[in-house]
Amino acid sequence: MNIARAFIISLVLTVGGVCGVWADDVYMMGRAIETWDRALLGEALRGVEADAKSHPDDVRLAYWHCVGAFHTVLMDKPSDEGVASVLETVRAANRLDPEQKEIQAMLCVLYGMRIHHNKLRAVWLGPRVMSFGKSALAPPENPRALYLAATCRFYGGRGKKDFEEALRLLERADVLFVEESQLPPSATEPRWGRAGCLRFIKLVSEKLDRDLKP
């Protein structure tokens, strides 16, 4: 068993006292996110979702359920109705743990997607995007929250300043990801997200380079 897998299994068994099957599902979910493997994510999510529904007050299960559901949105680019369904899952996790910055950042992204599907929603959903984005970026810094809030800024941005701010947040997130990787495994923090952050650093950098060309 490699170190990463041992860490994930230890994390899940330590926090919440769950069974080894769920530990394996969480390990698979982390692998699926980092390798962008939709089939593996679906397999992992099915197990976590079933356990989350059986234990609706379990904060840790709710967290992993919403992480998995959120990434199906990113990988599938679903319909407006599909985004709305996942949004309810993430909102449920937020109600259990309203101070969790990663969940706040996921809500920022999902509300932004709802606006993208219907611009009129900006009137009542725009303030939620701003509120959750601000909360996600508040100290102490969280690399996953910074990364996701940056993607929200990138897609919701209107010009160079927004793209520059997105890049700044992404680069800061990457610094934190590197620092995190050098620390002993924590029993309270997941470790997914750096691969996606690096992809967005490249995407935003290319966007700014194109915009700067005469």
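A quick note: this is a predicted structure, and the numbers were derived from the prediction, not measured.

Asks: Now, about the pattern of salt bridges: what can you tell me, with residues and values included?
Replies: Scanning the entire structure with this criterion turns up 12 salt bridges. Across the salt bridge formed by Glu102 and Arg144, the nearest N and O atoms sit 2.9 Å from each other. Placement of Glu102 in helix H6 (residues 101–117) and of Arg144 in helix H8 (residues 143–156) is noted, with a sequence separation of 42 residues between them. You'll find Glu102 and Arg144 in the same group, each marked buried. One salt bridge connects Arg153 with Asp162, and the closest N-O pair in it is separated by 3.8 Å. A network of salt bridges, in which partner residues are shared, links Asp80, Arg114 and Arg121.

Asks: Outline the packing of helix H4 (residues 59–76) against H6, listing residues and values.
Replies: Here H4 crosses H6 at 30°, and the two axes come no closer than 11 Å. Comparing their axes, H6 and H4 come out roughly parallel. Here H4 runs over H6; the crossing is left-handed. Only Glu102, Ile103, Met106, Val109, Leu110 and Met113 of H6 make contact with H4, whose side of the interface consists of Tyr63, Cys66, Val67, Phe70, Val73 and Leu74. Split into classes, the residues belonging to the contact of H4 with H6 amount to 11 nonpolar, no polar and one charged.

Asks: Give me the lowdown on the environment of Leu45, citing residues and values where you can.
Replies: Turning to its location among the elements, Leu45 is positioned in helix H3 (residues 38–54). Expressed as a C-alpha distance, the spacing of Leu45 and Val67, which sit 22 residues apart in the sequence, is 9.1 Å.

Asks: Give me the lowdown on the nonpolar core, citing residues and values where you can.
Replies: The biggest cluster of nonpolar side chains holds 57 residues, and the ones touching the most others in it are Met29 and Tyr147. In contact with Tyr147, other than residues within four places in its own chain, are Leu170, Ala173, Phe177, Trp192, Gly193, Gly196, Cys197 and Phe200.

Asks: Which residues make up the confidence of the model for the chain, and what values do they have?
Replies: Here the chain shows a mean pLDDT of 87. Residues at 70 or above account for 86%. Long-range and interchain partners of residues 1–19, a stretch whose pLDDT sits below 50, account for 31 contacts in this model, where long-range means more than four residues apart.

Thresholds applied
- Residues numbered from 1 in each chain as written.
- Predicted model: local features only at pLDDT ≥ 70, side-chain atom pairs only at ≥ 80, totals over all residues.
- Heavy atoms only, no water.
- Salt bridge = Lys/Arg side-chain N within 4 Å of Asp/Glu carboxyl O.
- Helix = DSSP H or I, 4+ residues; strand = E, 2+ residues; numbered from the N terminus.
- Buried < 20%, exposed > 50% of the residue type's maximum accessible area, 1.4 Å probe, protein only.
- Axes fitted to C-alpha atoms, helices over the stretch in contact; angles between N-to-C directions.
- Parallel < 35°, antiparallel > 145°, perpendicular 65-115°, else oblique.
- Left-handed = near helix turned anticlockwise from the far one by under 90°.
- Contact = heavy atoms within 4.5 Å.
- Nonpolar A, V, L, I, M, F, W, Y, C, P; charged D, E, K, R; others polar.
- Core = buried A, V, L, I, M, F, W, Y, C linked by side-chain atoms within 4.5 Å.
- pLDDT = per-residue confidence, 0-100.

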